[in-house]
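So the chains spell out like this:
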Amino acid sequence: MTHPDHQPDEDGRPYIQFVHVFKSFDDQPVLIDVSFEVRRGEMLVVLGKSGVGKSVTLKHIMGFLRPDAGEVWVAGREVSRLGEAELLEVRRRVTMVFQSGALFDSLTVGENVAYPLRERAEHGQNLTEEQIQARVDELLALVELESLRDLMPSDLSTGMKRAVAIARALAGEPEAILYDEPTTMVDPLMAATIGDLILKLKRRSGLTSVVVTHDMKLARKLADRVVFLVEGRVAFFGPIAELDSVPEPTIREFIELDEVSFRR
Ligand SMILES: Nc1ncnc2c1ncn2[C@@H]1O[C@H](COP(=O)(O)OP(=O)(O)O)[C@@H](O)[C@H]1O
Ligand SMILES: [Mg+2]
């Protein structure tokens, strides 16, 4: 799953960059002067309490939302200025794994994973049925769910659905993948499996990755750098190793609560 352009972006920008982004809904500020970046091949973890704007941040990267002010750069383009056709191009390079998994309920696991391949075939890329099936097998093997190929999504646990959604996201051969709360509502064993999978994909394919979570254990396992949002602002942006020495009270609380939940 190597990608043709692993060179730095032409203009030397990081793969993803937020520059003083502001976003409000109905005069309620959600993102206030948010700046951070993700280098090509890097894993960024976005941390913060529920409702702080983590999913909103991911939706800006995908161009589903536009900032009121500031710039969002993705793969060398300023996303907030792009039209629909150019946005589709960005969304071929960057995919998002939604919290819900968002599988097609009426399609088998295998057909869910095949979906982006069939779409590509429609866009002129020549893929035979054999090639599609071989690629589906390869992707399901990568997420270690080959045996589920002919099952329906309703037969799967939440964790398995997430893994299938990840396989489907990879079918489009993205350069970057965004995960929204990949381990929420998943049992601890499956959460660890999904964490391992996200790490494996990053290491094996050099995928640029953004993981939204409030799971500190997952953050420690995955993050190169962390952006920690508190009340709409970036309270910390830097290497995960430095997070433990940040005095910001909400961050302390977050880390200490996590330690308490470990002991339970
Ligand atoms: N499309 C929208 N319209 C109005 N309000 C929204 C919209 N999307 C998110 N919000 C609000 O923005 C805030 C941040 O939401 P979100 O990013 O989903 O939080 P989280 O950090 O839990 O992912 C919440 O108060 C939410 O209600
Ligand atoms: Mg969210």
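Whatever comes next refers back to the structure up there.
Residues numbered from 1 in each chain as written. Chains lettered and ligands numbered in written order. Predicted model: local features only at pLDDT ≥ 70, side-chain atom pairs only at ≥ 80, totals over all residues. Heavy atoms only, no water.

K.L.:
Break down the sheet that holds strand β4 (residues 69-74) for me, citing the residues and quoting the values.
P.N.:
Strands sit in the order β2-β1-β4-β5 across an open sheet of four strands; the sheet is antiparallel. Each edge of the open sheet is held by one strand with a lone partner, namely β2 (28-38) and β5 (77-78). Summarising the sheet, β4 and β5 pair through two bridges and their orientation is antiparallel. Across the sheet, the residue bridging to Trp73 is Glu78, located in β5. Of the strands in this sheet, β1 (16-25), β2 and β4 touch helix α1 (residues 54-61), which is tilted by about 120 degrees from β1. (Pairing = 2+ DSSP bridges. Helix = DSSP H or I, 4+ residues; strand = E, 2+ residues; numbered from the N terminus. Contact = heavy atoms within 4.5 Å. Axes fitted to C-alpha atoms, helices over the stretch in contact; angles between N-to-C directions.)

K.L.:
Before we move on, could you go through the sheet that holds strand β8 (residues 208-212) and cite the residues and values that matter?
P.N.:
Strands sit in the order β6-β7-β8-β3-β9-β10 across an open sheet of six strands; the sheet is mixed. If you trace the sheet from one side to the other, it starts and ends with β6 (94-97) and β10 (233-239), each paired once. The average angle at which neighbouring strand axes cross in this sheet is 15 degrees, direction not considered. Those strands touched by α1 are β3 (43-47), β6, β7 (176-180), β8 and β9 (225-230), and its axis lies near 155 degrees from that of β7. Along the sheet, helix α5 (residues 158-171) makes contact with β6 and β7, crossing β6 at roughly 170 degrees.

K.L.:
Please give an account of the pairing of β7 that cites residues and values.
P.N.:
Counting buried positions over the five residues of β7 gives five, a clear majority of the element. Judged from the four bridges that link them, β6 and β7 form a sheet pairing that is parallel. Counted as the bridge partner of Thr95 is Ile177 from β7. Relative to β8, β7 runs parallel, the two being bridged by five bridges. Pairing of Tyr179 across the sheet is with Val211, part of β8. Following the chain from β7 across helix α6 (residues 188-205) to the adjacent parallel β8, one finds a crossover that is right-handed. (Buried < 20%, exposed > 50% of the residue type's maximum accessible area, 1.4 Å probe, protein only. Right-handed = clockwise from strand over helix to strand, strands pointing away.)

It is worth stressing that arrangement in space is one thing and function is another; only the former is reported here.
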